[in-house]
Amino acid sequence: MKKTLFAVGILCGLTLMLAGCKTKIDTQALNALTSLSQITPADIKTRTITIADSVMQDNIPGKFTLEVDFPESGNFFVINNVREWMSEQMGGTYEGSMENGAKMFDYYKTSVLQDFQQNVIPDMPKIKDISCYKDVKIAKICETDRYVTYLYTQEGYAGGAHGWFVSEGQTFRKSDGRRIDYDIFREESKDELTELVKDNIFSQYFESNAKEMENLLTMENNDFFPLPQAAPIFREDGVEFVYQQYEIACYAAGMPSCVITYDLIEPFLTQAGRWLVNAGHVAEN
């Protein structure tokens, strides 16, 4: 009885707390909370959502495919944040409940196909066997007792000399759903971290050849090397840093990336970051 009252008290308190926040919360799912197991760290259970559809405009086909590891159950705050992030990756315009993944992604499928018809295909050259497409995958790639990481990839073609490819990951803290970004690294260590990433990228992609780097790097000032715009990806073996097409190099260079192992990355992390990867010691409450 005491445990039940305790759980009810926490749930009520969380409801009042969130009512005063501006953060978007799926209130329908929040109202459905019935136990503490839904607000404490737990494995994220997923189901696969797949979509394949196409349109035809001016005898040019436009094809869309999607495959998603959609979170069905687990810590409410985590799955709510994961679903919201998924929606944002697709455009962030869906206004319905994100609890229904099939409905949400069907909305985005319709949006993509309409864009093909109204904007993409009319501007494509009318030549034989040409088509446009967009393929999207959102996969859960790593999960520990303290965080879960998803990877969003998108590739497509909409005319022009070549297509495109995007790869962006997002790690979520399982205790509260916090999105992990560069603020997980100590501010005073950012320059040293950047140098470490730079050295790994240059050794893997540019063979430490100054002339090759000068030819391939697209930054206005080649002396300045930034961390990737996309969030760091916490994987099983370390933290991955991924540069998108054209971010630091020309199309031919692809998407330079590197993985820094946790033993090397640990000195740059905040205490919260060290706890996240079990490298630090934080008192459990």
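These numbers were taken from a predicted model, which means no experiment stands behind them.

**Side note on the overall build of the protein chain**
Moving on, step 1. A count of helices and strands for the protein chain gives 8 helices and 9 strands.
Moving on, step 2. Considering only contacts in the protein chain between residues 6 or more positions apart, those separated by 24 or more positions represent 60%.
Moving on, step 3. Counting every atom, the protein chain has about 15100 Å² of accessible surface; 49% of that belongs to carbon and sulfur.

**Here's the deal with the sheet that holds strand β8 (residues 238-242)**
Moving on, step 1. Spatially, 3 strands are ordered β7-β8-β9 in an open sheet, and the strand pairing comes out antiparallel. What marks the edges here is a single partner per strand, and that holds for β7 (233-234) and β9 (257-261).
Moving on, step 2. Relative to β8, β7 is paired through 2 bridges, and the arrangement is antiparallel. If you follow F234 over to β8, its bridge partner there is V239.

**Remarks on helix α3 (residues 76-89)**
Moving on, step 1. Along its 14 residues, α3 runs 20 Å from first to last C-alpha, staying within 8% of the 20 Å computed at 1.5 Å per residue.
Moving on, step 2. At the N-terminal boundary of α3, the capping side chain belongs to N75, with an oxygen 2.8 Å from the backbone nitrogen of F77.
Moving on, step 3. Downstream of α3 by a residue or two, G91 has a phi angle that is positive, lying close to 135°.

**Description of the pairing of strand β2 (residues 60-73)**
Moving on, step 1. In terms of strand pairing, strand β1 (residues 45-57) meets β2 through 13 bridges, oriented antiparallel. Within β2, the position partnered with I49 by the bridge is V68.
Moving on, step 2. Here β1 folds back onto β2, and the loop between the two strands holds 2 residues, one of which, D58, carries a positive phi near 55°.
Moving on, step 3. Strand direction decides the pairing type here: β2 and strand β3 (residues 132-143), joined by 7 bridges, are parallel. Residue K63 lies in a different strand from β3, and its bridge partner there is Y133.

**A short note on the side chain of Q154**
Moving on, step 1. Note that Q154 resides in strand β4 (residues 147-157).
Moving on, step 2. At 2.6 Å, the side chain of Q154 and the side chain of Y152 are in polar contact.
Moving on, step 3. With sequence-adjacent residues up to four places away left out, Q154 is seen in contact with K134, D135, V136, W164, F165 and V166.

**Comments concerning the nonpolar core**
Moving on, step 1. Ranked by size, the top nonpolar core spans 35 residues in total, and within it M86, F105, I138 and Y150 carry the most contacts.
Moving on, step 2. Residue contributions to this core peak at 7 residues, all from helix α4 (residues 101-120).
Moving on, step 3. Discounting residues that sit within four places of it in the chain, F105 has contacts with I49, I51, L66, V68, F70, M86, M90 and I138.
Moving on, step 4. Grouped together as the second largest cluster of nonpolar side chains are 28 residues, I180, I248, L269 and L276 included.

**Examining the packing of aromatic side chains**
Moving on, step 1. One pass over the structure, following the stated rule, counts 15 aromatic pairs.
Moving on, step 2. Between F225 and Y243 the ring centres are 5.5 Å apart and the planes differ by 65°, which places this aromatic pair in the edge-to-face class. Here the residue F225 occupies a position in the loop between α6 (210-216) and β7, and Y243 occupies one in the loop between β8 and β9, the gap between them amounting to 18 residues.
Moving on, step 3. With a relative accessible area of 6%, F225 lands in the buried category.
Moving on, step 4. What links up through ring pairs into an aromatic cluster is the set W85, Y150 and F172.

**A closer look at the pattern of salt bridges**
Moving on, step 1. Applying the stated criterion to the full structure yields 14 salt bridges.
Moving on, step 2. Connected through shared salt-bridge partners, D43, K140, E143 and K174 make up one network.

**Structural notes on the sheet that holds β2**
Moving on, step 1. Across the sheet, 6 strands lie side by side as β1-β2-β3-β4-β5-β6; this open sheet has mixed pairing. Lying at the two open borders of the sheet, with one neighbouring strand each, are β1 and β6 (179-180).
Moving on, step 2. Sheet analysis places β3 next to β4, joined by 10 bridges and oriented antiparallel. Bridging across to β4, K134 finds its partner in G156.
Moving on, step 3. Relative to the sheet, α3 contacts β2, β3, β4, β5 (164-173) and β6, its axis offset from that of β2 by approximately 170°.
Moving on, step 4. Its contacts with the sheet place α4 against β1, β2 and β3, and it is angled at close to 25° to β1.

**Overview of the confidence of the model for the protein chain**
In low-pLDDT segments, the atomic positions of the prediction should not be examined closely.
Moving on, step 1. For the protein chain, per-residue confidence averages 84 on the pLDDT scale, and residues scoring 70 or more make up 77% of the total.
Moving on, step 2. Ignoring residues within four places in sequence, the model shows residues 1-23, a span with pLDDT below 50, making 14 contacts including any to other chains.
Moving on, step 3. Long-range and interchain partners of residues 280-285, a stretch whose pLDDT sits below 50, account for 7 contacts in this model, where long-range means more than four residues apart.

**Things to note about the environment of K134**
Moving on, step 1. By the secondary structure assignment, K134 is in strand β3.
Moving on, step 2. Residue classification places K134 among the buried positions, given a relative accessible area of 19%.
Moving on, step 3. Between the C-alpha atoms of K134 and E155, which are 21 residues apart in sequence, the distance is 5.8 Å.
Moving on, step 4. Excluding its chain neighbours within four sequence positions, the residues that come into contact with K134 are K63, F64, T65, V112, F116, Q154, E155, G156 and W164.

Parameters at a glance
Residues numbered from 1 in each chain as written. Predicted model: local features only at pLDDT ≥ 70, side-chain atom pairs only at ≥ 80, totals over all residues. Heavy atoms only, no water. Helix = DSSP H or I, 4+ residues; strand = E, 2+ residues; numbered from the N terminus. Contact = heavy atoms within 4.5 Å. Areas by Shrake-Rupley, 256 points an atom, 1.4 Å probe, with all protein chains shown as cover. Pairing = 2+ DSSP bridges. Expected span 1.5 Å × (residues − 1). Polar contact = N/O pair within 3.5 Å; in protein donor to acceptor, adjacent residues only side chain to side chain. Core = buried A, V, L, I, M, F, W, Y, C linked by side-chain atoms within 4.5 Å. Buried < 20%, exposed > 50% of the residue type's maximum accessible area, 1.4 Å probe, protein only. Phe/Tyr/Trp six-rings, centres within 6.5 Å; stacked < 30°, edge-to-face > 60°. Salt bridge = Lys/Arg side-chain N within 4 Å of Asp/Glu carboxyl O. Axes fitted to C-alpha atoms, helices over the stretch in contact; angles between N-to-C directions. pLDDT = per-residue confidence, 0-100.

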